[in-house]
Structure formats: C-alpha cells, structure tokens
Amino acid sequence: MSVMMEVPTAPGEQYTMPRRSLAELQETAWRLSRQILEMTSTAGSGHPSSSLSAIDLLTGLYFGGILRFDPKEPDWPRRDRFILSKGHAAPALYAVLAEAGYFSAAELSTLRQLGSRLEGHPNRRRLVGVEASTGSLGQGLSMGLGQALAARVDNLDYRVYVMLGDGEIDEGQIWEAAMAASKFQVDNLTAILDYNAYQQTGAVNQVMPALEPLIDKWEAFGWYVFEIDGHRMAAIMDTFHAARRVPQQPQMIIAHTSKGRDLSPFLKNDVNRKHGEVLNQAELAVALGELDDQKMWDNYSATADNLSVADPQGGLHR
Amino acid sequence: MKMAKERGLTAGPATRDAFGEALHELGGINRNIVVVDGDVANSTRTEAFGKAFPERFFNVGIAESNLVSVASGLAAAGKEVLAASFAAFLLCNAYDQIRMGIAFPQLNVKLMGSHSGISIGEDGPSQMAIEDIALAASLPHFTVVVPADGPSTQAATRAMFAHVGPVYLRTGRPKVPVIYNNGFAFEIGKANQVREGTDVTIIACGIMVAAALAAAQSLNARGIQARVLDMHTIKPIDEAAIQRAAQETGAIVTAEEHLLDGGLGSVVARVVAERQPVPMAFVALRDTYAESGKGDELLEKYGLTPAAIVKAVEQVRTRK
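To start, this report covers the structure provided alongside it. Values in this document were obtained by computation on a predicted structure and should not be read as measured data.

## What about helix 6 (residues 95-103) of chain B?
- Within the span of helix 6 of chain B, buried status applies to B:Q97, B:I98, B:M100, B:G101, B:I102 and B:A103.
- In this structure, the buried residues of helix 6 of chain B make contact with helix 5 (140-154) and helix 6 (172-183) of chain A together with helix 4 (64-76), helix 5 (87-93) and strand 4 (109-114) of chain B.

## Re the sheet that holds strand 6 (residues 167-170) of chain B
All names here are of chain B.
- Within the open sheet, the 7 strands sit side by side as 2-1-3-4-6-5-10. Their pairing is mixed. Whereas interior strands pair on both sides, the edge strands pair on one side only; in this sheet they are strand 2 (57-59) and strand 10 (233-235). When strand polarity is set aside, the average angle formed by the axes of neighbouring strands in this sheet is 20°.
- Strand direction decides the pairing type here: strand 1 (residues 33-37) and strand 2, joined by 3 bridges, are parallel. Across the sheet, the residue bridging to D37 is N59, located in strand 2.
- Where helix 8 (residues 150-162) meets the sheet, its contacts fall on strand 1, strand 3 (80-86), strand 4, strand 5 (143-145) and strand 6, and the angle it forms with strand 6 comes to roughly 170°.

## Comments concerning the sheet that holds strand 9 (residues 226-230) of chain B
All names here are of chain B.
- The mixed open sheet is built from 5 strands, whose spatial order is 7-9-8-11-12. Each edge of the open sheet carries a strand with a single partner, namely strand 7 (192-195) and strand 12 (280-285). Within this sheet the neighbouring strands show an average axis-to-axis angle of 25°, counted without direction.
- Pairing of strand 8 (residues 200-204) with strand 9 involves 5 bridges; the strand directions are parallel. Considered in strand 9, the bridge of I202 is made with V228.
- Across the sheet, helix 9 (residues 208-220) is in contact with strand 7, strand 8, strand 9, strand 11 (252-259) and strand 12; its angle to strand 9 comes to roughly 170°.
- Across the face of the sheet, helix 10 (residues 239-249) comes into contact with strand 8, strand 9 and strand 11 while running at roughly 175° to strand 9.

Parameters and conventions
- Residue positions are given per chain, counted from 1 along the sequence in the order it is written.
- To label them, take the chains in the order written and letter them from A, then take the ligands in the order written and number them from 1.
- Under the rules for a predicted model, residues below a pLDDT of 70 receive no local features and side-chain atom pairs below 80 are neither given nor counted, while totals for whole chains, interfaces and linings still include all residues.
- Water and hydrogen atoms play no part in the side-chain values, which are based on all heavy atoms of the structure.
- For each residue, the accessible area found with a 1.4 Å probe, counting protein chains only, is set against the maximum for its type, and the residue is called buried under 20%, exposed over 50%, and partly exposed in between.
- Secondary structure is summarised from DSSP: a helix means a run of H or I of at least four residues, a strand means a run of E of at least two, and numbering begins at the N terminus for each.
- Here a residue-residue contact requires only that any non-hydrogen atoms of the pair lie within 4.5 Å.
- Whether two strands pair depends on DSSP finding at least two bridges between them.
- In this analysis, axes come from line fits to C-alpha atoms, helices being fitted only over the stretch in contact, and the angle between any two N-to-C directions falls in the range 0 to 180 degrees.

Okay, here's the thing in structure tokens:
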C-alpha cells in the first residue's frame, strides 16, 4: 500500500508526494519497461537497451519518495530537478514522466514522430517535466551543477539529480563539472552513473580501458561515492536516502546495470547490446514474455544487500 | 543624436573596461544577475562584479565547456546569467555547449567574449578571436552585438540585460576613441548613423567604426561624402538601414576586425543581394591568422585601417 509522505513546506504550501512500496516500485519498473520496448518498436528507432538499464533507478527516484515534484506545478521553484544527461535514454524518461502524470501514457506511442513532443532526445522547450535539453553527451552534469548553484543563490532547498552514461564520461567536460562541483561543495547535487558496461561501438572496458578505477577517480575529484546494483530496488532506495545525508560533497552513485535489463534479444548482442536498435515484432514478443518472468526481480527486504550502502557518518560506502 | 567631434575623436576606455563597469553597476541594481567566469575575471573585467557580489559570482577555472553549461543550468533555474571568457575560448571551445545549452533551449544567458580581433597584440593568434562573429551569428535565437566604443558598450550591456534571450557581446582589449557622447540612442537591432553622406556607405562594427570615420574624413577632403553606419548589432541586422544605404548611396563597404567570410560583411552582403544589389567591397582579415606584435602594427600589417577603407571605397565606386 502506498504511503503518502508529507514534505515540510513553507507557510501556505500544501504538498504531498507519492511514495510507493518496494513491491509497487518493482511493478512500476516492470510496467515502464514494457512501455519502453513498445514505444521504441513502434517508433522504429530509439535506444531501448540504454533506456532499460536506467529504468529501475528512475522508478525509485520518481516514485519512491525521493524526488520532490508536482506535475501540476512544473515550474514550482522548490521542486527537485532530474536531468537525463544520457539523453538517448529518453524513452525511459518519457515513460516515467507519463507515469508521474505530466502527460498521458497514450502519447508515448508518438515517440519520434513529426510533431510529437517526445523527440528522440529530451527537449525542455517542447515537453513539460524535462529540465534540460540533452543528447550531446557530456553537458548534463554541468547543467545540473548550474541548477544546484542557483538553489544556493536563491536560498532554496531543492536537490538536483543527474544521470550519466558510462560512455558519456569519456567526455572531458564531465570531469570539468566534477572538479567544479567539488570546489563549490555542492551537496545538493547527486549524480547517478548508469554503468551498463557497453557504449556504442563496444564494451566500455574495450573502448576506454582507462575508465577504471572509477570509484577512485570520483573520490579523487572530491565526490562521495556509492556503488550499488542498479536493479535492486531496496539498494536503490537506501542509497538515495543516504546520498541526501552527505554534507559538503556532491554524491556519485555508481549503479551497475544491465544494458537491456537482461532480456535475451539484447544479451545475444555482445558487441554493444543493440545500442540504438529496436526489437522487431518477434524479438519484442520474446522480450515482453521474459519481462513477465522478471516481474518480481528483487526481494522485498528493507535492508540493503552486499553491494549497497549505509550511513555516510559511518564511512562504509561500498 | 550627438556624437564626438569628427575631427580628432577623443580617447576613451577599452570596451572591456566599459563592460566591466556597466556589469558592476547592473549587479547592484538587479539582484538576479549571476556571473560565471573562467579564471580570467581580471581580463574580462567581471572582477569588479565578483568582488562586490561574491555570492553571485562563480569562477569555474579554465574550463569553458563547463562554464557555458553551468550558465545554462543557472538560467534554466531562473537566473539572469553572464558567462565570460576570452571570445576565442568561449566561442570556439564551448560552441557545442552554447548551441545545445543556450541557443537550442533559448535560455537567458549573455555571453561576453573579450580580447576580440587582432588588436590584442603581443599575445598572438591563440588568444585572438577572428571568427567569433561568424560562430555567434550562425546560432538561431541569438542576438549578436559588437559595440564600437566605451559609452555604447555600457549602453549595450544594459540593453543586453533588458533583452530576454541569448546574447553575445564582443569586447576588445585596446583603448578606443569615444564616438558617442551623452544622449545618444542605443537600441539592439538598430544601426546608428554616425555620419551622413550620399556617395557611398561604410558599414562597420567595433573598432572599425572609428577607422571608418577617419576614412570618411579623408574622403571628405576629396569631395567624397561617405555615410558611416555603426552596425553594432550583427544579428538581428538592421536590414532597413542597409537597404536605405544601398538605395541612397549606391555602394557599400563593410569593415570589421574579423575574417572576411561569415561576419558582418557576409550578413550585409546577403541583405544587399536580396533587397537592393549594389557593388560592395569588404575590409576584413583575408583568410589568415595574425601574429605577435603591437596592436596598431598588426592592424596596419593585416589591412584593418582607415587607408584600407579608403581604398575599398575608391574601388567600389568605380563599379557603381
């Protein structure tokens, strides 16, 4: 059963936010995964595997009582902001925004069509709920940093979340932003790395072997680092809560994920997990069937498992 | 409209200094202005703002791509943002960030690029922006302003913040003559006619406006009356003023501290060709980078002078 959580508000503000249970979050992620597959296959293009690796994280963020937002007040100054820096995972964002109530799920089937608000990469001018126009990789962390700094200038308490791709962090600008976020001690900025281990032309450890050691790098840049399984909802939720408690440092959640969410049509392609490729009708049927089996992926334990996190004061972060 | 005496314009501040002063003043009036600079505040002259309003000033170090996208994020969150660095680094290093973070989403960010042109002198080509007008003008939704002197730079800075939307303001390092006294009008998108004439029109921007006036003085001695237009706004360009100039004077010379193709000359030529074809000649850098040297020496060597403008006028008049 959902728990409605009261968010402390300024006088006169009335706001409550959805906070689904772990079982409900699992069910939501399953349903949104279906939508990702269906909308991309209908469109004939899109990035389903890149979107599927992100969906559990996004589901937890939006519906687990973490991100503070109100679809009826998209310009609410105190809202938290989410930036999908890996903009090609737009189908995941669109599914989440529809589920959140920004627009009707019926519109999802217009993905990438002429005249649709759902462009191939998110367009903040066209679609309500989109905080940044991304797609040219490497820019979203800086954009998020800018929004987080604005909160400080305006003395508002909102947080900014930015999701990065593991290929995306090849871009130098990511590291410029990382240094700057650390310099300004921006603790209202949480980055999430969708570490699905494949980029467009191959495995990340082939295209850029020097990427690792990643935890060491982010810590060296002054970030507080968490490392989790990006498909375990309990761990995801625990980590989002823990990140909010980290003082004076931006936080990086390195989430190990599966590009294609372990669905066999994607697993079969061990070069790039069908980057940018949609499933044909036969593959789609197979994938949807496997999704049904996956429906209850996680256990419903409220405790984190071996790859997740605990109390920042305690110091254990991996 | 009043302007400084044509015979011997008085010396004035560098446009970067005028900008810095105006920005500082505006910062006190408008508390929503935030400035992002990349380790060059004492060169771009955002320093005074930064010292006065440290809570609204962010030095991101030598990282122009991050600088621009941070500015984008600040603007998305409702701030009125000024992003500053040397024009070469701001436009060239961060072009994709400007394109996707400012132009495409049409966010309210003002870019200020200093050290434009070759007149910066001894530092040499790596610090000189000679293509920034072309780069900025090719961005949809952008306004591009290249002011000619101190007073108009102050006015341009105020106008830029009064305008909602992306703006690129180009400033320079050398001191420049004062062209405008008190009481002049400055409106984005409206060229200022700083000299009347009917034999030819010289359309110039930035430091070449003073050069154009000097050239006009020289031509005047020979009985040739040149109209001089300060085309401070390259985008949106004052098409009506260009058309009137073509109609009324029959020949146009453009002059800019910039490469030949893609800047002021190219935009004017497109308008002339569309609306009122007349002979044109262009004073600009001819497909070359400059080198180290004194600013004045470089302008002389690379043909950005009153004499070059006179020569262009003579040439274009033979084709009338």
